[in-house]
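Next come the chains, spelled out residue by residue.
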Amino acid sequence: MSDARLADLSRRLPDLRLLTEPGELEHYGRDWTRRWTPAPLAIALPSSIDEVQAIVCWANERQIAIVPSGGRTGLSGGAVAANGELVLSLERMNRVLDFDAVDRTLTVQPGIILQTVHEAARSHGLIYPVDFAARGSCSIGGNIATNAGGIRVIRYGNTREWIVGLKVVVGNGELLELNRGLIKNSSGYDFRQLMIGSEGTLGIVVEATLKLTDPPPPSQVMLLALPHMDALMQVFALFRARLTLQAFEFFTDHALEHVLAHGAQRAIDGDYPYYVVTEFDAVDERAQDAALAAFEHALEQGWVSDGVIAQSEAQSAALWRLREGITESLASRRPYKNDVSVRISAVPAFLHEMQALLAHEYPQIEVVWFGHIGDGNLHINVLRPDGMSEETFIAQCEHVTRLLAATLQRHGGSISAEHGIGLVKRAYLESTRSAAEIALMQGVRKVFDPNGVLNPGKLFAGG
Ligand code: 2HG
Ligand code: ZN
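All values derive from a computational prediction rather than experimental measurement.

Visitor: Looking at this structure, I do not really get the packing of aromatic side chains. What am I missing?
Guide: The geometry of an aromatic ring pair is captured by two quantities: the separation of the ring centres and the angle between the planes. Taken as a whole and judged by the stated rule, the model has six aromatic pairs. Geometrically, the ring pair formed by Tyr156 and Trp162 is edge-to-face, given 6.1 Å between the ring centres and 65° between the ring planes. Note on Phe251 and Tyr275: the rings are 5.4 Å apart at their centroids and 10° apart in plane angle, and the pair reads as stacked. In this pair, Phe251 sits in strand E11 (residues 245-252) while Tyr275 sits in strand E12 (residues 274-281), placing the two residues 24 residues apart along the sequence. The class for Phe251 is buried, based on a relative accessible area of 0%.

Listed below in structure tokens is the structure:
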């Protein structure tokens, strides 16, 4: 090991796997944003909590920044290592440690892939209900670090609702065991909840106890084509009143073009500006009739132009692909992403302002919208036109994001609904959190990580 700091780490932890090859540094130093050039010092792949603690102690002594790393599917740069940091990848700590049938909990290591968690829960006749398209690659530790949301939030809430215990290594290397699976625990500050969504700036999750629940009843998936934007929330109000929703997602014709070009199957003929994929409980024929009646009512009102109901698992999957395949279909274009939210009641007014803003500010630029409209969460993907330099493009997107942040602020919304702040959104944090809140957040960070070794530069500009 030519670097004296790494040689010291290897001396302290002879069994620690350390990677320093250029290809490995590049692979582990970036996330799905692909905007920053990875430049980590090295990659550490600990296999135990003891090793994680020892690494954090070493980082304190040597003043080395650590970037905690899971599946690196993040879209905000939270797991990017572009400044000589040590990437602490939790991918080897990826096992299920325990299932408790009485508590209905699953205790896992942080590097476990979300889909493996789903399978483990299913094998016990239960579910872990947080779900989204990156399920096959993202890790539970990363989900916790960003309080991940996804396509079932409307029914089950965010990651935050499903974590009943956490073990974390905080900035001075100490191990905390938080909440220990308790359902009721009114004993002061809940550090577990503080850790959830802290983007690796307060502690490194080294173990998590997840609450499981009963599988939902049989469901149906419907795709709807809508004639105009206002219809989105009209259909949502109708469906929410009449059906028990598991998901209510939307996308535009632009998004559809991209997923179709990427291999998905068209399910509705004709051109419509907006589409909804919704899934709802369909326990029996009565529930299915109610869905049909809701659809017909929407047709009569002119809120829906066309629709299909999946008749098989395969068709359900094909309809879901139209929504879930969007990110992947755009990935090679490396879109600039906004991930915003407002209260459901504010969605109609916000959508109008946002549409006007984007049309005005991005006249020659393709903008793709989609997202969890039933949660008030919108994803905006902006595509760089051929011939425009990356620099000009990012500058333009940042200018528009500033305007968008001001619009959000007026509507009481958030600049990050579910992807986190990371590097991408730290300049806009003040649009969602007050100066007093940010000062307290920074104070909290100092308490948990006095030497600032945990993911510095993420969440807040300048450390
Ligand atoms: C989704 O909802 C993800 O599919 C990704 O949150 C959103 O790519 C995006 O902007
Ligand atoms: Zn999303």
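Visitor: Just to check I follow, could you spell out unusual backbone geometry for this structure?
Guide: If a residue is not glycine, its phi is most likely negative; likewise, a peptide bond is most likely trans. One non-glycine residue, Gln63, lies in positive phi territory at about 55°. Structurally, Gln63 is set in the loop between helix H3 (49-62) and strand E3 (66-69). Among the residues examined, Gln63 registers a relative accessible area of 52% and is labelled exposed. Backbone geometry places Asn147, a non-glycine residue, at a positive phi of 50°. As for its placement among the helices and strands, Asn147 is situated in the loop between helix H5 (140-146) and helix H6 (153-156).

Visitor: Sorry, what's going on with the coordination of the zinc ion (ligand 2) here?
Guide: Here the zinc ion (ligand 2) is held by the protein donor atoms His372 (NE2), His379 (NE2) and Glu418 (OE), which lie 1.9 to 2.1 Å from it. Each donor residue of the zinc ion (ligand 2) belongs to the same chain, and together they define the spacing H-x6-H-x38-E. Of this pair, His379 sits in strand E16 (residues 377-383) while Glu418 sits in the loop between helix H14 (390-410) and helix H15 (435-448), and the two are 39 residues apart along the sequence. Here His379 matches Glu418 in class, with each residue buried.

Visitor: Quick question: what am I supposed to make of the nonpolar core here?
Guide: Soluble globular proteins tend to bury their nonpolar side chains together. Formed by 57 residues in total, the largest nonpolar core has its most connected members in Leu224, Leu226, Phe239, Leu351, Met354, Trp369 and Val382. A domain split of this core shows at least three residues from each of domain 3 (219-327) and domain 4 (334-432). When near neighbours in sequence (up to four residues on either side) are disregarded, Leu351 contacts Met229, Leu232, Trp369, Ile373 and Leu378. Ile112, Ile163, Leu176 and Ile196 belong to the second largest nonpolar core, which has 33 residues in total.

Visitor: What's the story with the environment of Asp15 in this structure? I'm lost.
Guide: Following the sequence through the fold, Asp15 ends up in the loop between helix H1 (4-12) and strand E1 (17-19). Here the alpha-carbon distance between Asp15 and Asn185, two residues 170 residues apart in the chain, equals 38 Å.

Visitor: For this particular structure, what's the right way to read the sheet that holds strand E10 (residues 219-226)?
Guide: Backbone-to-backbone hydrogen bonds pair the strands of a sheet. The strands run either parallel or antiparallel. Taken together, the seven strands give an open sheet; going across it, the order is E13-E10-E12-E11-E15-E16-E14, and neighbouring strands pair in antiparallel fashion. Either end of the sheet is taken by a strand with one partner, and the two such strands are strand E13 (306-309) and strand E14 (336-341). The mean inter-strand angle of the sheet, taken between neighbouring strand axes irrespective of direction, is 15°. Both E14 and E16 contribute to a ladder of six bridges, which runs antiparallel. Within the sheet, the bridge partner assigned to Asp339 lies in E16 and is His379. Strands in contact with helix H8 (residues 230-242) are E10, E11 and E12; relative to E11, the strand with the most contacts, it is inclined by about 170°.

Visitor: Explain the packing of helix H13 (residues 347-361) against H14 here, please?
Guide: Packed helix pairs are characterised by how far apart their axes lie and by the angle those axes make with each other. Here H13 crosses H14 at 160°, and the two axes come no closer than 11 Å. Taken together, the axes of H13 and H14 are roughly antiparallel relative to one another. Along this stretch, H13 crosses H14, giving a crossing that reads as right-handed. Across the interface between the two elements, Phe350, Glu353, Met354, Leu357, Leu358 and Glu361 from H13 touch Gln396, His399, Val400, Leu403, Leu404, Thr407, Leu408 and Arg410 from H14. Here the contact of H13 with H14 is composed, by residue class, of eight nonpolar, three polar and three charged.

Visitor: Looking at this structure, how should I read the site of ligand 1?
Guide: Taken together, Leu75, Arg323, Thr327, Lys337, Phe370, His372, His379, Asn381, Glu418 and His419 make up the full set of residues near ligand 1. Glu418 is positioned such that a nitrogen or oxygen atom in its side chain is 3.1 Å from an oxygen atom of ligand 1. The contact in question runs from an oxygen atom of ligand 1 to an N or O atom on the side chain of His419, over 2.7 Å. Contact with the protein chains hides 91% of the accessible area of ligand 1, taken as 300 Å² for the molecule alone. Among the secondary structure elements, those contributing two or more residues to the shell around ligand 1 are strand E15 (366-372) and E16. Looking at the shell around ligand 1 residue by residue, the classes come out as two nonpolar, five polar and three charged.

Visitor: What is the right way to read the packing of H8 against helix H10 (residues 285-301) from this model?
Guide: Where H8 contacts H10, the two axes come as close as 10 Å, and the packing angle between them is 155°. Considered as vectors, H8 and H10 are oriented roughly antiparallel to each other. As H8 packs across H10, the resulting crossing turns out to be right-handed. Only Ala293, Ala294, Phe295, His297 and Ala298 of H10 make contact with H8, whose side of the interface consists of Leu238, Phe239 and Arg242.

Visitor: Explanation requested: H15 in the structure shown.
Guide: Side chains three or four residues apart in an α-helix point the same way, a direct result of the helix having 3.6 residues per turn. The terminal C-alpha atoms of H15 lie 20 Å apart, and with 14 residues this matches the ideal 20 Å at 1.5 Å per residue to within 8%. Buried within H15 are the following residues: Ile438, Arg445 and Phe448. End-on view of H15: buried residues confined to an arc of 85°, all on one side of the axis. In H15, the exposed residues that point more than 90 degrees away from the buried face are Ala435, Ala436, Leu440, Lys446 and Val447.

Visitor: Mind showing me how you'd approach the environment of Gly422 here?
Guide: Within the secondary structure layout, Gly422 lies in the loop between H14 and H15. Taking the C-alpha atoms as reference, Gly422 lies 22 Å from Val153; in sequence the two are 269 residues apart. Those residues in contact with Gly422 that sit more than four places away from it in its chain are Ser76, Gly77, Gly78, Glu199, Gly457, Lys458 and Leu459.

Visitor: Teacher, can you tell me more about the sheet that holds strand E2 (residues 42-45) here?
Guide: Strand order in the open sheet formed by four strands is E1-E2-E4-E3, and the pairing between neighbours is mixed. Only two strands of the sheet have a single neighbouring strand rather than two, namely E1 and E3. Within this sheet the neighbouring strands show an average axis-to-axis angle of 25°, counted without direction. In the sheet, E2 pairs with strand E4 (residues 86-89) via three bridges, with the strands oriented parallel. Bridge pairing in E4 places Ala42 opposite Leu86. H3 contacts E2, E3 and E4 of the sheet and is inclined by roughly 165° relative to E4.

Thresholds applied
- Residues numbered from 1 in each chain as written.
- Chains lettered and ligands numbered in written order.
- Predicted model: local features only at pLDDT ≥ 70, side-chain atom pairs only at ≥ 80, totals over all residues.
- Heavy atoms only, no water.
- Phe/Tyr/Trp six-rings, centres within 6.5 Å; stacked < 30°, edge-to-face > 60°.
- Helix = DSSP H or I, 4+ residues; strand = E, 2+ residues; numbered from the N terminus.
- Buried < 20%, exposed > 50% of the residue type's maximum accessible area, 1.4 Å probe, protein only.
- Donors = N, O, S within 2.8 Å, 3.2 Å for Na, K, Ca; no water.
- Core = buried A, V, L, I, M, F, W, Y, C linked by side-chain atoms within 4.5 Å.
- Domains from an automatic or database assignment.
- Contact = heavy atoms within 4.5 Å.
- Pairing = 2+ DSSP bridges.
- Axes fitted to C-alpha atoms, helices over the stretch in contact; angles between N-to-C directions.
- Parallel < 35°, antiparallel > 145°, perpendicular 65-115°, else oblique.
- Left-handed = near helix turned anticlockwise from the far one by under 90°.
- Nonpolar A, V, L, I, M, F, W, Y, C, P; charged D, E, K, R; others polar.
- Near = heavy atom within 4 Å.
- Polar contact = N/O pair within 3.5 Å; in protein donor to acceptor, adjacent residues only side chain to side chain.
- Areas by Shrake-Rupley, 256 points an atom, 1.4 Å probe, with all protein chains shown as cover.
- Expected span 1.5 Å × (residues − 1).
- Arc of directions from axis to C-beta.

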